[in-house]
Amino acid sequence: MRILALQSGTSADGIDAALVSVTAGVDALDVVVERWGTEPWLAAERALVMGAVAGERLDQAEWCRLETTVGQAFARAAVSFAAGAPRPDLVCAHGQTVFHGVEAGAVWGTLQVGEPAWIARATGCAVLFNVRVADVAAGGQGAPLISAFDARWLRTAAERAGAPIASLNLGGIANLQVVRPDGTVSGFDTGPANALLDAYLTRETEGAETFDRDGRHAAAGRVDAALLGRLLAHPYFALAAPKTTGRETFTLATVDEALADGSVPTPDDVCATLTELTAASVADALHRAAPDAARLVVSGGGARNPVLLERIAALAGVPVESSDAWGIPADAREAVMFGVLAYLSALRVPLELPGTPEGRAAVAGQWDLSVAPLPALPTVPDGTVTGGASQRLRVRTREERQ
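J.: Hey, could you run me through helix α1 (residues 43–53) in this one?
T.: An α-helix turns once every 3.6 residues. As a result, residues three or four positions apart point the same way. Among all positions in α1, only E45, V49, M50, G51, A52 and V53 are buried. Of the surrounding secondary structure, the elements contacted by the buried residues of α1 are α2 (60–82) and β4 (90–103).

This is how it looks when you write it as structure tokens:
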């Protein structure tokens, strides 16, 4: 089954797309990443999205415009990305997260925008959307979804190592997953990855720079120990896992409040300190969750920041490797994950996520079938649907599949 997956993460720096082929093998799901890339937001689109993410008050017309604009942008990305290739069997459109409601450690709601009807009409495919809400309604946290992917992908490696394999996605928010040799998995958000650094640098440069490319500003600055201590005092870091957070918790106000003591570090020093904040919070989370981890596999935009990776490796004390070395492009891992989750959803396989009450795991997402039905599902000779919950996941290159 060929699946086109689309998503825009907490950094909202583009619409990531991945075309994956998922086949039910004898002992694992075989996943081939056919192609991947990023469709940039148009300036007006991103301004609308970032305004909503930042908590700007929107009236009914503006909310309708946001929902429609994001859906149309995803439809444009789908058509552009799939041009020249056979039409996929289905599409997964995670949309844009604009709010993740958490109170007293419990998630009461989550909001992703992007009307799927535009995507279905543009592609002629069934579209999976609203992927997180079923788990929230079941009493879970709706995150991190990638733990369901990693439980299948990294278990064999954990068995071979005889120790946990940890994975880390560094988007706007950082999430950590730990897969153990016995197949159990834990996962949670550790705190900000790029969100604070991106927001601070965007403001300091008046939009000329929206992220610290190659960690240049962090490399040029020095960590301000006092500022770092105030940032690490944020109450989120002391919460027990499983836990989840979002950009609504870690905003520019977080930085400004920590700077309010009157000290005036240079912008490069602030960038170095915010980078250290991410590294320190990730390392502390890993030490708590899996002090015996054999590897840390990193993906997301932060995986392209060498200063951040060096600091994580130094503080965590484990080998740090990009997911590229494991067969999945670091910039595409979440999109690839959504492709696999769409396959599991089509097969009605419930997702076992950390924090979901026992026995209440739910099938992820809702389907827009307004233009096309779901494709025929894979079966074994007796007609039973196959490729379900207990299978592992093996990533292959196109050459290996051939």
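There's more to say after this.
J.: What should I look at first to understand the sheet that holds strand β8 (residues 173–179) in this one?
T.: Read from one edge of the open sheet, 5 strands run β9-β8-β7-β10-β11, paired in mixed fashion. Of all the strands in the sheet, the pair left with one neighbour each is β9 (185–192) and β11 (320–322). Along the sheet, successive strands turn relative to each other by an average axial angle of 25 degrees, direction set aside. Of the pairings in the sheet, the one linking strand β7 (residues 165–170) to strand β10 (residues 295–299) comprises 5 bridges and is parallel in character.

J.: Would you take a moment to explain the pairing of strand β1 (residues 2–8) for this structure?
T.: Residues in a regular strand point their side chains to alternate faces of the sheet. For β1, the tally of buried residues reaches 6 of 7 residues, placing the bulk of the element in the interior. Taken together, the 6 bridges between β1 and strand β2 (residues 15–24) define a ladder with antiparallel strand orientation. By the bridge assignment for β2, I3 is matched with V20. Linking β1 to β2, which pair antiparallel, is a turn of 6 residues; within it A12 sits at a positive phi near 50 degrees. With 5 bridges connecting them, β1 and β4 associate as parallel partners. Paired with A5 across the strands is C92, a residue of β4.

J.: Is there a simple way to explain the packing of aromatic side chains in this structure?
T.: Any two aromatic rings considered together are summarised by their centre-to-centre distance and by the angle between their planes. This model, assessed by the stated rule, comprises 7 aromatic pairs. Measuring from centroid to centroid gives 6.5 Å for Y236 and F237, while their planes differ by 75 degrees, and the two rings are edge-to-face. Each member of the aromatic cluster is reached from another via a ring pair, and the members are F149, W153 and W326. Of note, K243 hangs over the ring of Y236, and the distance from its end group to the ring centre comes to 4.5 Å.

J.: What exactly am I supposed to notice about the packing of helix α11 (residues 267–289) against helix α12 (residues 306–316) here?
T.: The angle between the axes and the distance between the axes are what describe a pair of packed helices. Packing of α11 against α12 brings their axes to within 9 Å, and their N-to-C directions diverge by 35 degrees. Here α11 runs over α12; the crossing is right-handed. Touching T275, E276, T278, A279, A280, V282, A283, L286 and H287 of α11 are V307, L308, R311, I312, L315 and A316, all from α12. Across the contact of α11 with α12, the residue classes break down as 10 nonpolar, 3 polar and 2 charged.

J.: How should I be thinking about the pattern of salt bridges in this particular structure?
T.: For side chains bearing opposite charge, pairing can occur when the charged atoms are close. The full count for this structure, using the stated rule, is 13 salt bridges. The salt bridge involving R76 is made with E45; its shortest N-O contact spans 2.7 Å. With R76 in helix α2 and E45 in helix α1, the pair connects residues that are 31 residues apart, well separated along the chain. The exposure class assigned to R76 is partly exposed, which follows from its relative accessible area of 26%. Note that E159 is salt-bridged to R392, the shortest N-O span being 2.8 Å. On the criterion of sequence distance, the pair formed by E159 in helix α6 (residues 155–161) and R392 in strand β13 (residues 392–396) is long-range, its members being 233 residues apart. E159 gets classed as partly exposed once you look at its relative accessible area, which sits at 34%. Overlapping salt bridges bring together D27, D30 and R394 as one network.

J.: Could you clarify how one ought to interpret the layout of surface pockets in this entry?
T.: Gaps left between atoms are located by rolling a probe of water-molecule size over the structure's atoms. Within this model, the second largest pocket holds a volume of roughly 340 Å³. Taken together, 14 residues form the lining of the second largest pocket, with W153, T156, A157, R160 and L393 sitting closest to its centre. Elements with a minimum of two residues in the lining of the second largest pocket: α5 (146–153), α6 and β13. It is β13 that contributes the most residues to the lining of the second largest pocket, 4 residues altogether. The residue makeup of the lining of the second largest pocket, split by class, is 7 nonpolar, 2 polar and 5 charged.

J.: Looking at this model, I keep getting lost on the packing of α2 against helix α3 (residues 116–123). Mind explaining?
T.: Relative to each other, α2 and α3 sit at 25 degrees, their axes nearing to 7 Å. One way to sum up the angle between α2 and α3 is to call them roughly parallel. Helix-helix and strand crossings are classified by hand; for α2 and α3 the assignment is right-handed. Across the interface between the two elements, T68, G71, Q72, F74, A75, A78 and V79 of α2 pack against W118, I119, A122 and T123 of α3. Looking at the contact of α2 with α3 residue by residue, the classes come out as 7 nonpolar, 4 polar and no charged.

J.: Please explain helix α9 (residues 225–232) as it appears in this structure.
T.: Within α9, burial applies to L227, L228 and L231. Summarising the axial view, the buried residues of α9 lie within an arc of 100 degrees, below the 170-degree limit, and thus occupy one face. Buried residues belonging to α9 abut α10 (252–258) and α11. Between the side-chain oxygen at the start of α9 and the backbone nitrogen of A226 there is a gap of 3.1 Å, and the oxygen is on D224.

What counts and how
Residues numbered from 1 in each chain as written. Predicted model: local features only at pLDDT ≥ 70, side-chain atom pairs only at ≥ 80, totals over all residues. Heavy atoms only, no water. Buried < 20%, exposed > 50% of the residue type's maximum accessible area, 1.4 Å probe, protein only. Helix = DSSP H or I, 4+ residues; strand = E, 2+ residues; numbered from the N terminus. Contact = heavy atoms within 4.5 Å. Pairing = 2+ DSSP bridges. Axes fitted to C-alpha atoms, helices over the stretch in contact; angles between N-to-C directions. Phe/Tyr/Trp six-rings, centres within 6.5 Å; stacked < 30°, edge-to-face > 60°. Lys NZ or Arg CZ within 6 Å of the ring centre and 35° of its normal. Left-handed = near helix turned anticlockwise from the far one by under 90°. Nonpolar A, V, L, I, M, F, W, Y, C, P; charged D, E, K, R; others polar. Salt bridge = Lys/Arg side-chain N within 4 Å of Asp/Glu carboxyl O. 1 Å grid on protein atoms, 1.4 Å probe; cavity = no way out; pocket = protein on both sides within 12 Å on 5 of 7 lines; lining within 4 Å. Points joined across faces, edges and corners; volume = space filled by probe spheres on them. Parallel < 35°, antiparallel > 145°, perpendicular 65-115°, else oblique. Arc of directions from axis to C-beta. Polar contact = N/O pair within 3.5 Å; in protein donor to acceptor, adjacent residues only side chain to side chain.

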